Amino acid sequence: TEHYFTKPGVANIGLTKEDIKTSFLEKLFYSLGRIPVVATKNDFYTSLALTVRDRVFRKYVKSLEQYAEEDARGVAYLSAEYLPGPHLGNNLLNLEIVEETREALAEFNLDLDELLKEEVEPGLGNGGLGRLASCYMDSLATLGIPSIAYGIRYEFGIFKQEIQDGWQVESTDKWLQKGNTWEIVRPEISFEVKFGGHTEHSRDGNYKLHIEWIPDSEIKGTAYDTPILGYQSNSITLRLWKAEATESFDFAAYNLGEYYRAVEKKMRSENITKVLYPNDENLSGKELRLKQQYFFVCCSLQDIIRLHLLQGRKLETLHEKFTIQLNDTHPSIAVAELMRLLLDVHQMGWEEAWKVTKSTFAYTNHTLLPEALEKWPVNLLRNLLPRHLELIYEINSRFITEIREHDFTGEQISRMSLIDDRGEPTIRMAHLATVGSYKVNGVSALHSGLLKEEVLKDFAQLWPEKFTNVTNGITHRRFLAVSNPRLAGLISEKIGKEWLTNLDKLKGLESFANDEYFRRKWMEVKLENKKNLAAQIKELTGIEINPEMLIDVQVKRIHEYKRQHLKVLHILSLYMQIKKDGQKDIPPTAFIFAGKAAPGYFMAKRIIKLITAVGDFINNDPEVNETLKVIFLPNFSVKLAQHVYPGADLSEQISMAGKEASGTGNMKFALNGALTVGTLDGANVEIREEVGEENFFLFGLTTEEVAERKKAGYHPYKIYSENEKLKRVVDFLLSEELTKGNTELFRSIYDNLLNQDPYLLLQDYQSYVDQMENVYEIWQDSQKWAQMSIINVANMGKFSSDRSIKDYCEKIWKVKAVKA
Ligand code: 26M
């Protein structure tokens, strides 16, 4: 029976309309126990999902078989976060049965789009980093790279955001409440994870040192697998670990009096994977967060070693068969854990173990912000992972010995140390990851350059060949083919469908940028998408917008460095122009914002309140609300994002230069035909390079100019007092009208801008407002706008995550695809 489901005679997996109809009814009857007259929309969704799942599994199993047969070198991707988005629409595309399914459902009077809306997405990440991991899964699968992605099965993902009285209010995300069709639990794949206790050092008869870790608690991690189907042939596994109590905690073993205590203990162990930390930067010293990180790393490494040994191989060759990618420092405790497994469990010697370890890992850095770099207090590590702390000290001491042989100054050496003992001693996880890896990469050309010049400067001097760049990318299958079927259809009509597997083919559109008829078609598609988005906005906020308006969008996590409040200053400047200067010719614009603020981030939450207050004020003023609309869409998610990008005309990428490592929203907008107004930050630089400077709205200081400006002494108050129009906008933040009498409401933002303005909003203000005037001028010329939009899309080839993954394969992993 070995090849039963995949041998040629049984290869038919039922992809016709009739097959889908039959299976759909069967699922409804036999899996859900429903008949159509009593079935809810969610029952129909689930029946369809189960139908599709069967087909996904047939392809998945076949793909796994192929990887096993070829026994090729593979990738293990370690990430604390994933944001896959809804699976159903994507799987339909990848199985190439969207139309068959739509027709099958129509025969039951069901609308595919209505059922797609029912899916609850796994919000197992905060933002860019988690979504990037999921784009990479899509490309790894499509390209047929033998790989497995490991992470945490959070029971509650990123919080649900509601807006009450203009403020963000958080509630728990119960994504598993109605079940999860796409995962299968693998109870046989489970590992023990230990915590706490102490270590014991002893010598045997031959004076060989033996170190034993005597932990004081243990839990178990169980694998939950989700097949990630690529386009057409291959798949990979997303393996997420859930924490459970171990059998030894089985409360049957306790007497009755201990029963409650036993259950309590069980509950405490299951805490570890309860909830995702909703911060997208480091919050220091949270013990549970470190437990989460170690928990998933420990399970994943045991699993990798199991897979390696299963093939009859020796651990000395681990690095030849596997490479392990660390998605930021969140899984970087893996460096110490692999050393522990090799030394203490598998009795390897230090030199050999260290060689294997540093030939196995590669590390991706996603941030330069000093406050976001992970540092764990030594005391916390000692309590939770005493053996790992010893190993980190040993790694550090050997590393320091090594660098003493080069001409580093004492200052440099203490800067490079894995231990920062200037205050409370902490471990610098980025240093541990860098020392323990064979490659370190940044996520855009600019960011990788800055990484070598700033954060990891000394390391780049020591090991220049270790550092490289892989510019981020996005999956154009989800973010164009699935989410923007109209534009995808128009493109395929013109240049065929090859772009689905080779995004460079979009270049073929460029010659049509001058074709008036094509431009018109292009703008018709955009308008239909804008109507769609307008309907979505109405549904979510009750606010109506005219779809002919310029739709100007900034969607991303709320952060001061991303400067959502710079956009607000611009909106207020337009308001003033209409109200105070009597200007009449401002093109009608809808300003759309969305994004979550970390629950403990005071300024970010105030910025949301500022946006909604400006919205309330402007949307209700009949003198301006035909021209300006300001909307905050609640609860931004992958699902909502898929409605937003296709309907956007203008993409706001306005972070202070040097702060946004890459950005990936910038790519999603441009791929959907929005033009970008942005700074020379992150991947904006490369987007502008690709589309041509004449097709990109640039403003603001460069990274170097920012540094110079700050060095020379930056005085925002001076800029404010010398620019009358800026002054009246900033002063308006404290006005009775905006704050409805609560004039202290935005004092913190006002004071921050006038006294520190660490992200140079006032510095870049005029340049931004000027560039926006240029945007408006071109918007007025819709033929010109269409031309620029087409050229933008035609030059997005580079930003496919397929290209990024090929870069990882060539520059870092040295891994090859298996044949489909
Ligand atoms: C760390 C410690 C404790 C709790 C949470 C964290 C944490 C979680 C997520 C820290 C950072 C996190 O994400 C950062 C992030 O999303 N960075 C973005 O990564 C994208 C993909 O490379 C880039 O495009 C963005 O520029 C970058 O901001």
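As the structure is a computational prediction, the values presented were derived from the model and not from experiment. (Residues numbered from 1 in each chain as written. Predicted model: local features only at pLDDT ≥ 70, side-chain atom pairs only at ≥ 80, totals over all residues.)

Draft legend 1. Structural context of the site of the ligand. Looking at the ligand, there are 24 residues lining it, with Gly-128, Leu-129, His-366, Ala-661 and Ser-662 nearest. Looking at side-chain class alone, the shell around the ligand contains six nonpolar, twelve polar and six charged residues. Of the residues that make up the shell around the ligand, three or more belong to each of domain 2 (71-86 + 121-472 + 806-813) and domain 3 (486-701 + 759-792). (Near = placed C-beta within 6 Å. Nonpolar A, V, L, I, M, F, W, Y, C, P; charged D, E, K, R; others polar. Domains from an automatic or database assignment.)

Draft legend 2. Up close: the domain arrangement of the protein. By domain assignment, the protein separates into domain 1 (1-70 + 106-119), domain 2 (71-86 + 121-472 + 806-813) and domain 3 (486-701 + 759-792). Each partner contributes to the interface: domain 1 provides 16 residues, whereas domain 2 provides twelve residues. Partitioned by chemical class, the residues of the side of domain 1 that touches domain 2 number eight nonpolar, three polar and five charged. (Contact = placed C-beta atoms within 7 Å.)

Draft legend 3. Here's a closer look at the nonpolar core. Counting residues in hydrophobic clusters, the biggest one holds 222 residues, and the most contacted among them are Ala-334 and Val-614. Once residues within four sequence positions are removed from consideration, Ala-334 is found in contact with Leu-78, Val-297, Leu-301, Ile-324, Leu-326 and Phe-361. (Core = buried A, V, L, I, M, F, W, Y, C linked by C-beta atoms within 7 Å. Buried ≥ 20, exposed ≤ 12 C-beta atoms within 10 Å, placed from the backbone.)

Draft legend 4. Expanded view of the sheet that holds strand 12 (residues 375-377). Spatially, 12-14-13 is the arrangement adopted by the three strands of the open sheet, whose pairing is antiparallel. In this open sheet, the two edge strands, each paired with only one partner strand, are strand 12 and strand 13 (419-420). (Pairing = 2+ DSSP bridges. Helix = DSSP H or I, 4+ residues; strand = E, 2+ residues; numbered from the N terminus.)

Draft legend 5. Looking closely at the pairing of strand 6 (residues 198-203). Counting buried positions along strand 6 yields zero of six residues, so the element is predominantly exposed. Bridge analysis of strand 6 against strand 7 (residues 209-214) gives six bridges, and the strand direction is antiparallel. If you follow His-201 over to strand 7, its bridge partner there is Ile-211.

Draft legend 6. Representation of the packing of helix 19 (residues 485-495) against helix 20 (residues 516-541). Contact geometry for helix 19 and helix 20: axes closest at 9 Å, N-to-C directions at 165°. When the interaxial angle is binned, helix 19 and helix 20 end up roughly antiparallel. Crossing of helix 19 over helix 20 shows right-handed handedness. Contacts from Arg-486, Leu-487 and Leu-490 of helix 19 reach helix 20 at Lys-521, Trp-522, Val-525, Glu-528 and Asn-529. Partitioned by chemical class, the residues of the contact of helix 19 with helix 20 number four nonpolar, one polar and three charged. (Axes fitted to C-alpha atoms, helices over the stretch in contact; angles between N-to-C directions. Parallel < 35°, antiparallel > 145°, perpendicular 65-115°, else oblique. Left-handed = near helix turned anticlockwise from the far one by under 90°.)

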